[in-house]
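Each chain, written out:
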Amino acid sequence: RTNNKVLGVASAWQFTLIPAAAAMIGAVIAVNARPKATLVSAIQHFAAGVVFAAAAGEILPDVMHRGSPWATAIGGAIGVVTMLLVKQLEEWAKGPAGLLTAIAVDILIDGLVLGIGFAASPKVGILLTIALTIEILFLGLTVATELGESVHSKARIVGITAGLIILLPVGALLGAPVALLPGPILTGFFAFGLVALLYLVTEELLIEAHETPDRPWVTAMFFFGFLALLLVEEAIG
């Protein structure tokens, strides 16, 4: 039974091909026609709602029902420190190399969270795949847009984006062994994943989304995203 579970979690890397494809689509779109700021903001709001629904509806209940407060506290604290270090890295990033390094760390953590999600259950993993697909689509748009200011070859921009996205399945594979860990340690990893997702919503997607003037329909996209994932969750059962 344990071996079957590990095989199921290890297959999480296959699901990363979905958000990876979305990132490539985003990169191709960005190098050919830069999306308007309002549209990008709407995508960010929608992605934030979907990711928040995945965190609150799937990861949070799993953490709370495991009854390991110390594991939750330690895993959550490690998550906070890790994400603050990522934030600091982004502030230190100078030029294209620094930007790509910060994005690479973000993608690796996204993959790790996806692997942790599959360690919780296939359902959680699938819902996280949906949530991260939209977020990674936006990331592909961002990377290609930023690179477009210093790299003039469209093929090279798409190639660099593809190189970064490889870190997504790598992170998922790193998360696979989590399924074999004792219950309390597993809870700590879930708490880490929860913090990472909440950071993604509050400190990245929504902050960047509000860099453009707010419009009611754009703001509403957050709630559309939230409700959309809830409906998908009910459909899966």
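### A short note on the overall build of the protein chain
- The number of helices and strands found in the protein chain is 11 helices and 0 strands.
- If you list the helices and strands of the protein chain from N to C, you get α-α-α-α-α-α-α-α-α-α-α.
- Radius of gyration (C-alpha) of the protein chain: 17 Å, near the 18 Å computed for a compact globule of 237 residues.
- Along the first, second and third principal axes, the C-alpha atoms of the protein chain reach 50 × 35 × 30 Å.
- Taking all 237 residues of the protein chain together, 48% fall into the buried category.
- At a minimum sequence separation of 6, the contacts of the protein chain that also span at least 24 residues come to 87%.

### A closer look at the confidence of the model for the protein chain
- With 93% of its residues at a pLDDT of 70 or more, the protein chain shows a mean pLDDT of 84.
- Of all helices and strands in the protein chain, the one with the weakest mean pLDDT is helix 1 (residues 2-10) (51), whereas helix 11 (residues 216-236) scores best (91).

### Concerning the packing of helix 4 (residues 37-65) against helix 11
- In the contact formed by helix 4 and helix 11, the axes pass within 7 Å of each other and the chain directions differ by 35 degrees. Relative to helix 11, helix 4 is oriented so that their crossing is right-handed.
- In terms of residue class, the contact of helix 4 with helix 11 is built from 15 nonpolar, 7 polar and 2 charged.

### As for the environment of Met83
- Position of Met83 relative to the elements: it lies in helix 5 (residues 69-92).
- Residue classification places Met83 among the buried residues on the basis of a relative accessible area of 4%.
- Along the chain, Met83 and Phe189 lie 106 residues apart, while their C-alpha atoms are 14 Å from each other.
- Among all residues touching Met83, those that are not within four sequence positions of it are Ile109, Val195, Ala196 and Tyr199.

### Notes on a negative patch on the surface
- Together, Glu90, Glu91, Glu208 and Glu211 line one region of the surface with negative charge.
- Mapped onto the secondary structure, Glu90 falls in helix 5.
- In this structure Glu90 comes out as partly exposed when scored by relative accessible area, which is 30%.

### Quick look at the environment of Gly183
- Structurally, the position occupied by Gly183 is in helix 10 (residues 183-209).
- Remark: the alpha-carbon pair of Gly183 and Ala71, spanning 112 residues in sequence, is separated by 9.2 Å.

### Observations regarding the nonpolar core
- By size, the foremost hydrophobic cluster in this structure holds 65 residues, and its most contacted members are Ile59, Ile107, Leu128, Val143, Leu164 and Leu197.
- The greatest single-element share of this core, amounting to 13 residues, is contributed by helix 7 (residues 122-147).
- Apart from the residues within four sequence positions on either side, Ile59 is in contact with Ala54, Val124, Leu128, Phe190, Leu194 and Leu197.

Conventions used here
- Residues numbered from 1 in each chain as written.
- Predicted model: local features only at pLDDT ≥ 70, side-chain atom pairs only at ≥ 80, totals over all residues.
- Heavy atoms only, no water.
- Helix = DSSP H or I, 4+ residues; strand = E, 2+ residues; numbered from the N terminus.
- Rg over C-alpha atoms; globule rule 2.2 N^0.38 Å.
- Buried < 20%, exposed > 50% of the residue type's maximum accessible area, 1.4 Å probe, protein only.
- Contact = heavy atoms within 4.5 Å.
- pLDDT = per-residue confidence, 0-100.
- Axes fitted to C-alpha atoms, helices over the stretch in contact; angles between N-to-C directions.
- Left-handed = near helix turned anticlockwise from the far one by under 90°.
- Nonpolar A, V, L, I, M, F, W, Y, C, P; charged D, E, K, R; others polar.
- Patch = residues over 30% accessible without salt bridge, like charges linked within 9 Å, V, L, I, M, F, W, Y side chains within 5 Å.
- Areas by Shrake-Rupley, 256 points an atom, 1.4 Å probe, with all protein chains shown as cover.
- Salt bridge = Lys/Arg side-chain N within 4 Å of Asp/Glu carboxyl O.
- Lys, Arg positive; Asp, Glu negative; His and termini not counted.
- Charge placed at Lys NZ, Arg CZ, Asp CG, Glu CD.
- Core = buried A, V, L, I, M, F, W, Y, C linked by side-chain atoms within 4.5 Å.

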